[in-house]
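Commentary on secondary and tertiary structure
Listed below are the residues making up each chain.
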Amino acid sequence: MLRFVTGNDGKVREARAALDDDVTQFTYDYPEIQSPDLGAIAAHGAREAYREVGAPVMVEDSGLFVDAFAGFPGPYSAYVEDTLGIERVWRLTEPEDDHAAAFRSVIAYCDGSGFASAPAVRDGEPPVAIFEGRVEGTIVAPRGDGGFGYDPIFEYDDRTFAEMDPEEKNEHSHRGRAIDAFVEWYDGQGEA
Ligand code: ITT
Ligand code: NA
């Protein structure tokens, strides 16, 4: 059983689709640091959540990086979604020549151990294992009503993420890829 500390139900739905439902949502609102680095935000969050929960936890930090805006909103994606909304992110991108963008996801896992076999952030205690995923796509006018967040304006292979079900989105998405990397390590731990 995996404890996923997040207030975002869409993230949990996708983690469940990828991990056969073996995911429990914890809504502890851990202190989120400001940083241009998703990995640093996720690692800090996982450490805080582990201290609070006292058992193995995973957190995920993600964002939409628009090329024409030098990666903005990136780590500020949740704030921009709340303040501007995704329709206006599309309107701002529309006049630009370049509509390319990427979603990035960082999963941070903390269980108090030293993670000898994982890529880990060791600049604090306890160490945190880190797994990343990325997908490139195009910003388009909103289409579809599945998914969450920026999904209606993110097109991958002629369809937006909001036009895919969670399993399909996981096959291509930043989060699906980060979850795959995490699971490969997590399932292999006992065999080391
Ligand atoms: P937690 O921190 O509680 O997990 P959150 O929604 O605040 O939930 P983040 O801080 O990681 O999550 O912010 C991520 C932002 O990027 C948020 O606006 C999401 O809607 C957006 N985002 C991340 N992954 C996405 C995806 O797969 N599809 C659409 N939008 C996504
Ligand atoms: Na957040």
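These lines cover the structure that appears in this document, whether it is placed above or below. Everything quoted here is computed from the prediction, not taken from an experiment.

1. Brief notes about the packing of aromatic side chains
For the structure on display, the rule yields 11 aromatic pairs. Aromatic pair Phe-103 and Phe-161: ring centres 6.0 Å apart, planes at 5°, arrangement stacked. Residue Phe-103 is found in strand β4 (residues 100-110), and its partner Phe-161 is found in the loop between β8 (159-160) and α5 (166-172); the two are separated by 58 residues along the sequence. Residue classification places Phe-161 among the buried positions, given a relative accessible area of 0%. Residues Tyr-156 and Phe-161 carry aromatic rings whose centres are separated by 6.3 Å and whose planes lie at 40° to one another, so their mutual orientation is tilted. Overall, the relative accessible area of 18% leaves Tyr-156 in the buried class. What links up through ring pairs into an aromatic cluster is the set Tyr-109, Phe-131, Phe-182, Trp-185 and Tyr-186. The positively charged end of Arg-104 is found above the aromatic ring belonging to Phe-65, 4.9 Å away from the centroid.

2. Observations regarding helix α2 (residues 38-53)
In a regular helix each residue adds 1.5 Å, so 16 residues correspond to 22 Å; α2 covers 22 Å between its end C-alpha atoms and thus fits that length. Buried residues of α2: Leu-38, Gly-39, Ile-41, Ala-42, Ala-43, Gly-45, Ala-46, Arg-47 and Ala-49, and no others. Considering only its buried residues, α2 is in contact with β1 (2-5), β3 (57-66), β4, β5 (120-121) and β6 (128-139). Between a side-chain oxygen at the N-terminus of α2 and the backbone nitrogen of Gly-39 the separation is 2.9 Å; the capping residue is Asp-37.

3. So, the nonpolar core
Core analysis: the largest hydrophobic core is formed by 17 residues, its most contacted members being Met-58, Ile-107, Tyr-109, Ala-129, Phe-131, Phe-182 and Trp-185. Broken down by element, this core gets its largest block of residues, four residues, from helix α6 (residues 174-188). Each residue touching Trp-185, except ones within four places of it in the same chain, is listed here: Tyr-109, Phe-115, Ser-117, Ala-118, Ala-129 and Phe-131. Formed by 16 residues, the second largest nonpolar core is a distinct cluster that contains Val-135, Tyr-150, Ile-153 and Met-164.

What counts, and at which threshold
- Residues numbered from 1 in each chain as written.
- Chains lettered and ligands numbered in written order.
- Predicted model: local features only at pLDDT ≥ 70, side-chain atom pairs only at ≥ 80, totals over all residues.
- Heavy atoms only, no water.
- Phe/Tyr/Trp six-rings, centres within 6.5 Å; stacked < 30°, edge-to-face > 60°.
- Helix = DSSP H or I, 4+ residues; strand = E, 2+ residues; numbered from the N terminus.
- Buried < 20%, exposed > 50% of the residue type's maximum accessible area, 1.4 Å probe, protein only.
- Lys NZ or Arg CZ within 6 Å of the ring centre and 35° of its normal.
- Expected span 1.5 Å × (residues − 1).
- Contact = heavy atoms within 4.5 Å.
- Polar contact = N/O pair within 3.5 Å; in protein donor to acceptor, adjacent residues only side chain to side chain.
- Core = buried A, V, L, I, M, F, W, Y, C linked by side-chain atoms within 4.5 Å.

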